[in-house]
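# Overview (structure and organization)
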Amino acid sequence: MEEKENQILEKELYIPVPIPDSDDYISGIGQNEVGVIAIAFIISVVIGIFLSVAQNTIVGVSIGAFIIFMVITLIRRDMSNENLIKKIIIFMDYQKAQKKYQYVFKNEFYAEHEVEEDE
């Protein structure tokens with residue numbers, strides 16, 4: 001019995017690589033992202049048709065393609081399982097957080113001023 005316990009304790013520690021919490025169809029694009037892309041596609045088609053009728057076909061197509069491209073860029077997750085929107089939120093929270101700087105205060109002006117008064 002003790003021999004089995006010793007064998008279990010002697011095994012190497014296995015730390016898995018970052019594993020995403022959802023199944024991805026394409027790297028970084030899962031079921032939720034596909035739904036958002038589909039909604040963005042529908043919205044961009046409506047905007048594209050409206051702009052094609054109102055202005056020019058090329059303007060409508062280019063605006064629609066730009067919207068889809070930006071949505072994919074913003075919601076695609078990377079290796080750390082975070083999308084660009086999440087990274088911007090993390091950055092903004094970091095900027096708002098109180099920073100701690102380790103330093104020692106030395107009032108050199110006061111020390112020089114005392115030396116001048118003593119003389």
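Placed above this text is the structure.
Overview of the structure.

Moving on: the overall build of the protein. Tallying secondary structure elements over the protein gives 5 helices and 2 strands in all. Order of helices (α) and strands (β) in the protein, N terminus to C terminus: α-β-β-α-α-α-α. For the protein, the residues scored as buried account for 13% of the 119 residues in total. Within the protein, counting contacts between residues at least 6 apart in sequence, those at least 24 apart form 49% of the total. Of the roughly 11,000 Å² of accessible surface on the protein, 63% is carried by carbon and sulfur atoms.

Counting across every chain of the model gives 2 salt bridges. A salt bridge links E33 to R77; its shortest N-O distance comes to 2.9 Å. One end of the pair, E33, is in helix 2 (residues 31-54); the other, R77, is in the loop between helix 3 (57-75) and helix 4 (84-96), with 44 residues separating them in the sequence. Of the residues examined, R77 reaches a relative accessible area of 10% and is grouped as buried. Between D78 and K87 there is a salt bridge; the shortest N-O distance is 2.4 Å.

Moving on to the packing of helix 2 against helix 3. Closest axis-to-axis distance for the helix 2/helix 3 pair is 8 Å, and the angle between their directions is 160°. Between helix 2 and helix 3, the crossing angle belongs to the class labelled roughly antiparallel. Crossing handedness for the pair helix 2 and helix 3: right-handed. In this structure, helix 2 contributes E33, V36, I37, A40, F41, S44, I47, G48, L51 and S52 to the contact, and helix 3 contributes T57, G60, I63, G64, I67, I68, V71, I72 and I75. Class assignment of the residues belonging to the contact of helix 2 with helix 3 gives a composition of 12 nonpolar, 6 polar and 1 charged.

What follows covers the nonpolar core. Counting 5 residues, the largest nonpolar core consists of I29, I37, A40, V71 and I75. Among the elements of the structure, helix 2 and helix 3 are those that each provide at least two residues to this core. Among residues more than four places away in sequence, those in contact with I29 are D24, V34, I37, R76 and R77.

Let us look at the side chain of N83. Locating N83 in the fold gives a position in the loop between helix 3 and helix 4. Looking at N83, its side chain comes within polar contact range of the main-chain nitrogen of K86, at 2.8 Å. Once you skip the residues sitting within four places of it in the chain, N83 turns out to touch L74, I75, R76 and R77.

On the surface, a nonpolar cluster with roughly 590 Å² of combined accessible area is contributed by F41, I42, V45, V46, I49 and V53. You can see V53 is positioned in helix 2.

Considering the arrangement of structural elements, one finds S44 in helix 2. In contact with S44, not counting residues within four places along its chain, are G64, I67 and I68.

The rules behind the values
Residues numbered from 1 in each chain as written. Predicted model: local features only at pLDDT ≥ 70, side-chain atom pairs only at ≥ 80, totals over all residues. Heavy atoms only, no water. Helix = DSSP H or I, 4+ residues; strand = E, 2+ residues; numbered from the N terminus. Buried < 20%, exposed > 50% of the residue type's maximum accessible area, 1.4 Å probe, protein only. Contact = heavy atoms within 4.5 Å. Areas by Shrake-Rupley, 256 points an atom, 1.4 Å probe, with all protein chains shown as cover. Salt bridge = Lys/Arg side-chain N within 4 Å of Asp/Glu carboxyl O. Axes fitted to C-alpha atoms, helices over the stretch in contact; angles between N-to-C directions. Parallel < 35°, antiparallel > 145°, perpendicular 65-115°, else oblique. Left-handed = near helix turned anticlockwise from the far one by under 90°. Nonpolar A, V, L, I, M, F, W, Y, C, P; charged D, E, K, R; others polar. Core = buried A, V, L, I, M, F, W, Y, C linked by side-chain atoms within 4.5 Å. Polar contact = N/O pair within 3.5 Å; in protein donor to acceptor, adjacent residues only side chain to side chain. Patch = residues over 30% accessible without salt bridge, like charges linked within 9 Å, V, L, I, M, F, W, Y side chains within 5 Å.

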